[in-house]
Amino acid sequence: MSNQVKCMGVIIFTLFSQLCLAQEDTRHIQLHHLLDSLHRSNAFNGNVLVAEKGKVIYQESFGLADEKSKRKIDHDTAFELASVSKQFTAMAIILLQKQGKLSYSDEVSKYVPELAAYKGITLHHLLVHTSGLPDYMALAVKYWNKNDIATNASILKLFEQVKPEREFQPNEKWEYSDTGYLVLATVIERVSKSSFNDFLKQNIFMPLGMNRTFIYQRRYEPMQIKNYAEGYIYSDSLKRKILPDELGNVNYEVFLDGVIGDGMVNSTTEDLLKWDRALYTDQLIDDNDKKLVFSSHDTSTGQATAYGYGWFIENSEKYGKVVSHSGDWAGYITYIERHIDRDKTIIILQNNSLESTVIPGPDICKIVYGE
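Residues numbered from 1 in each chain as written. Predicted model: local features only at pLDDT ≥ 70, side-chain atom pairs only at ≥ 80, totals over all residues. Heavy atoms only, no water.

## Observations concerning the sheet that holds strand β2 (residues 55-62)
Moving on, step 1. A sheet is described by the order of its strands in space; here six strands give the open sequence β2-β1-β13-β12-β11-β10, paired in antiparallel fashion. If you trace the sheet from one side to the other, it starts and ends with β2 and β10 (312-316), each paired once. Sheet twist, expressed as the mean angle between neighbouring strand axes with direction ignored, is 10 degrees.
Moving on, step 2. When strand β1 (residues 46-52) meets β2, the two strands line up antiparallel, connected through seven bridges. Following the sheet pairing, V50 is matched in β2 by Y58. (Pairing = 2+ DSSP bridges. Helix = DSSP H or I, 4+ residues; strand = E, 2+ residues; numbered from the N terminus. Axes fitted to C-alpha atoms, helices over the stretch in contact; angles between N-to-C directions.)

The structure is reproduced here in structure tokens:
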């Protein structure tokens, strides 16, 4: 190879590198402008992390973790994940299946006799929201003593006593169900003979180095958590942000604080990126498991659920396979989106649940793809 050819190669590589850096800088500026504008208009308060192939291209914190002390949010601040927690509950069931301790086709009543009246419901139905079990929150609002904090055990006892009618027959249709994931957490505890927290910690969080990820129920089991984001809602009567606790025990976000499985995992954006990276490897599960996790499962009528094991599924002509989940609970609005074919990741954790709060996923996506 001549020196001239070598020189030309160096020039082309340099120009390409500079072009990539310029594109990255442009996206960083655009992303910051978007998030900063939303923060200034009270539509965003929290952390955002955007990555390509595991490399962080944007990470920033906006607003306060604690309105009273004026403590600011930073990259290490932990947030309640709300329904984003469901992917960890699903993963725990998968790991127990791989250990030979249960089968997806097992009927729920095998592990939860409190639900013996609901024949034909399997663990698979719970995972993909086709069980037909009625909403436990509505049941608790109607029957539960609001002076006590409900737990999985007490909610299941309520089901056993009241026996509310099922919404539909197993696998007849798809309907998003928090009840299903409450039941799955109970199955995890009874099969593993350990707490939900301990099983996730030992089998998922610790192996992946997710040292800032944990189960936390601030009202049921109060404790001091370092650098924790308090979750705020807006009070129309007081005309200000408040903690849900200020509404008293009658608020379901307070008296349902003992329930786990459908929520209550807490984490940071950086820990969730570790989780994202692990899902591209065989560290926890293999390719056959991933097909179950990241595929839509049809109902008995042939309806596509567009839901896998703890993830919403979309096959986009523009972006390829996209899996995602959002969460909204007790002042927290959260979101994770993974573009599996293109290896891009968007993680959003917010601690304000106001009328003006938005999840800016679609706009972030457009900027990442240079649209």
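## Describing helix α9 (residues 269-278)
Moving on, step 1. Among the ten residues that make up α9, seven are buried, leaving the element largely enclosed by the rest of the structure.
Moving on, step 2. The set of residues buried in α9 consists of T269, D271, L272, L273, W275, D276 and A278. (Buried < 20%, exposed > 50% of the residue type's maximum accessible area, 1.4 Å probe, protein only.)

## A word on empty space enclosed by the protein
Regions of empty space are outlined by a rolling probe, equal in size to a water molecule, passed over the atoms.
Moving on, step 1. Throughout the structure, instances matching the rule amount to one cavity of 30 Å³ or more.
Moving on, step 2. Considered as a void within the structure, the largest cavity measures approximately 60 Å³ in volume.
Moving on, step 3. In terms of lining, the largest cavity is formed by E80, Y216, Q217, R218, R219, Y228, D257, M264, W329, A330 and Y332.
Moving on, step 4. Of the residues contributing to the lining of the largest cavity, the split by class is six nonpolar, one polar and four charged. (1 Å grid on protein atoms, 1.4 Å probe; cavity = no way out; pocket = protein on both sides within 12 Å on 5 of 7 lines; lining within 4 Å. Points joined across faces, edges and corners; volume = space filled by probe spheres on them. Nonpolar A, V, L, I, M, F, W, Y, C, P; charged D, E, K, R; others polar.)

## Considering the sheet that holds strand β6 (residues 214-215)
Moving on, step 1. Here three strands make up an open sheet; going across it, the order is β5-β9-β6 and the pairing antiparallel. Looking at which strands have only one partner, the edges of the open sheet turn out to be β5 (79-80) and β6.
Moving on, step 2. The sheet contact formed by β6 and strand β9 (residues 265-267) spans two bridges and is antiparallel. When the bridges of β9 are listed, I215 appears paired with V265.

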